[in-house]
Amino acid sequence: MNGVVLDRINYLVGSSDIIEKMADIPSKEPFADDVMYFLSEVSKALLRDVRSKQYPDIVTFAFWIRIASLKKMQDRQGFKDDNVHLGRGVAFHIAPSNVPVNFAYSLASGLLTGNANIVRVSSKGFLQVRIIVDAINGALERNEAMKPYIALLQYEREREINDLFSSIADVRIIWGGDGTIAELRKSTLPPRSTEIAFADRYSLAVIDADSYLAIEDKEDAAQKFYNDTYLSDQNACTSPRIVIWTGKRKEEAKGLFWNKLHKMVRKKYTFHEIMAVNKLTSGYLAAANVDGVKIFPHEDNLIVRVNVERLTSRLMDYMDNGGYFIEYDCNNIMELRSFLSDKKCQTIAIIGEKKKLMPLIKSGIRGVDRIVEIGKTMDFNLIWDGYDLLYSLTRTICV
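Summary of the structure given here.

The rules we used
- Residues numbered from 1 in each chain as written.
- Predicted model: local features only at pLDDT ≥ 70, side-chain atom pairs only at ≥ 80, totals over all residues.
- Heavy atoms only, no water.
- Pairing = 2+ DSSP bridges.
- Helix = DSSP H or I, 4+ residues; strand = E, 2+ residues; numbered from the N terminus.
- Axes fitted to C-alpha atoms, helices over the stretch in contact; angles between N-to-C directions.
- Contact = heavy atoms within 4.5 Å.
- Polar contact = N/O pair within 3.5 Å; in protein donor to acceptor, adjacent residues only side chain to side chain.
- Disulfide = S-S within 2.5 Å.
- Buried < 20%, exposed > 50% of the residue type's maximum accessible area, 1.4 Å probe, protein only.

Further remarks concern the sheet that holds strand S4 (residues 116–120). One open sheet accounts for six strands, arranged S1-S5-S4-S3-S6-S7; its pairing is mixed. At either end of the open sheet lies a strand with only one pairing partner, and these are strand S1 (10–13) and strand S7 (194–198). Across the sheet, the axes of successive neighbouring strands diverge by a mean angle of 20°, strand direction being ignored. In this fold helix H6 (residues 102–112) packs onto strand S3 (90–94), S4, strand S5 (150–154) and strand S6 (171–175), with an angle of close to 165° to the strand it touches most, S4.

Let us look at the sheet that holds strand S9 (residues 240–246). Reading across the sheet, the seven strands line up as S10-S11-S12-S9-S8-S13-S14 and stay open at both edges, with mixed pairing between neighbours. A strand with exactly one partner marks an edge of an open sheet, and here the two such strands are strand S10 (294–295) and strand S14 (370–373). In the sheet, strand S8 (residues 202–208) pairs with S9 via six bridges, with the strands oriented parallel. If you follow Ser203 over to S9, its bridge partner there is Pro240. Here helix H11 (residues 218–229) sits on the sheet in contact with S8, S9, strand S12 (324–329) and strand S13 (345–351), set at roughly 145° to S9. Strands in contact with helix H13 (residues 273–289) are S10, strand S11 (304–307) and S12; relative to S12, the strand with the most contacts, it is inclined by about 35°.

To continue, consider the environment of Asp217. Inspection of the secondary structure assignment puts Asp217 in the loop between helix H10 (209–213) and H11. At a separation of 3.3 Å, a polar atom in the side chain of Asp217 contacts the main-chain amide nitrogen of Glu219. In terms of polar contacts, Asp217 uses its side chain to reach the backbone amide nitrogen of Asp220, at 3.0 Å.

This brings us to the state of the cysteines. One pass over the structure, following the stated rule, counts zero disulfides. Cys330 forms no disulfide, and the closest cysteine sulfur to it belongs to Cys345, at a distance of 13 Å. Among the residues examined, Cys330 registers a relative accessible area of 1% and is labelled buried.

Below you can see the structure in the form of structure tokens.
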């Protein structure tokens, strides 16, 4: 292996020596006991760390890898046949730059499916990365047998390094959008290797007005929507950018919903002036280029609402973040069929009954891979973006 290339890497966890030996270490069975114990040790370290309390995304990850959660996951999703299932071997992960904790979920998925893992972590200065890396390194000191299975590293976008890791990868997992996918695919995989690519996506919320008005704790509903959107500045693909209203009492529900959210945003959110400029620009461009667009009056720029008469793919050219929402009144859920056939649509966050969406989902739309309750858009699962990672990251030995 090219030692000169490996020396250009910043190692957060692991070393060049570990990477050089990865191709020869044995794969594990999914949900191996030592893996689950190790992840539970990481969870305990994160929950003990006082810094974690500042970051709900870290706390959520820590709860996801608790031993009780992992055992429930194993019971629910684990293999139940008589065949032998093993990790594919070396998993090369490219984490996105805009979701700080994503690398940790990707790593945990690779470990739970029995693989050795090389994870490229964003070089942005997220404190969440530092906190999780500290917990992993601490847990590895107490679980040395897991050290050969983990390398977390940072490097500039160098084709030579991508070529090297791709050449030893049995599976490559790319997060981070269409441009990243195109760049990584310049690096050849071995013939028997596979790839999972998580492309650019967008998400939406469907709020049944009558169901919302029936909610007793509307502060809680505002908090959940805030977590889905403002905690990631709407940068996460799971974060709703479009709000679709159904039900009879839409205007009454809208008034309450946006008022509650505005009070919360004003209290909690760190707003930057450039966001106001970007949101107003996007709204004006939408109004100038798409028929039937109306920008609702607002007292400040914490929330910008762009009402549309119909949903079209052109609207996606005028999306923004940091509290920018396209809003649509829907009288029949089947009105959304054409729009949701866009493969870029990922998650529907819902207030109301999921069963009301089933005629739409079962009509054969090409988009939508997840339907979750509002407040749970960022809850990770081994079934993600339409991929079952337990199957995709393992191989089956038919017995």
